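Structural overview
Letter by letter, the chains look like this.
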Amino acid sequence: QVQLVESGGGLVQPGGSLRLSCAASTSIFSFFAMGWYRQAPGKQRELVATISNNGRTNYVDSVKGRFTVSRDHAKRTMYLQMNSLKPEDTAVYYCNKDGSSFWEWGQGTQVTVSS
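In this text the structure is predicted, and so the values were computed from the model without any measurement. (Residues numbered from 1 in each chain as written. Predicted model: local features only at pLDDT ≥ 70, side-chain atom pairs only at ≥ 80, totals over all residues. Heavy atoms only, no water.)

Moving on, we come to the sheet that holds strand β7 (residues 67-72). One open sheet holds the 4 strands; their spatial order is β1-β3-β8-β7, and the pairing between them is antiparallel. The sheet is open, and its two edges are formed by β1 (4-7) and β7, each paired on a single side. The average undirected angle you get between the axes of adjacent strands in this sheet is 15 degrees. Sheet analysis places β1 next to strand β3 (residues 18-24), joined by 4 bridges and oriented antiparallel. Counterpart to E6 in the pairing with β3 is C22. (Pairing = 2+ DSSP bridges. Helix = DSSP H or I, 4+ residues; strand = E, 2+ residues; numbered from the N terminus. Axes fitted to C-alpha atoms, helices over the stretch in contact; angles between N-to-C directions.)

What follows is the structure in structure tokens.
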């Protein structure tokens, strides 16, 4: 079973930036397309960004041009650079495989955008 550990969240003012990390416990991580998900209070978890095992990326419209997903296979880590943050980006952010048959979810990392 792959363990995923998210980090890098925090409190930031609107317009600010954060860089999230997702560390995987095994190199099998490199074989799978991965995604960043977020869940705001009272809302369902949504997929915001994906990256294939060869680096192809996709984003939900609400974060296009502001968020950038990347991965480092050697470090078994995926990143989410978030710029121009908005209050509506406030959520707990999680990483997991892109699609179904998810690995066990990590604890997530809280991102709060507020002045």
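Read across the open sheet, the 6 strands follow the order β2-β10-β9-β4-β5-β6; overall the sheet is mixed. Two strands close off the open sheet at either side, each with one partner strand: β2 (10-12) and β6 (57-59). The sheet shows a mean angle of 25 degrees between the axes of neighbouring strands, direction not considered.

Locating E46 in the fold gives a position in strand β5 (residues 46-51). A relative accessible area of 30% places E46 in the partly exposed class. E46 sits 40 residues away from E6 along the chain, and the two C-alpha atoms are 16 Å apart. When residues no more than four places from it in sequence are discounted, the contact partners of E46 are W36, Y37 and R38. Looking at E46, its side chain comes within polar contact range of the side chain of R38, at 2.7 Å. (Buried < 20%, exposed > 50% of the residue type's maximum accessible area, 1.4 Å probe, protein only. Contact = heavy atoms within 4.5 Å. Polar contact = N/O pair within 3.5 Å; in protein donor to acceptor, adjacent residues only side chain to side chain.)

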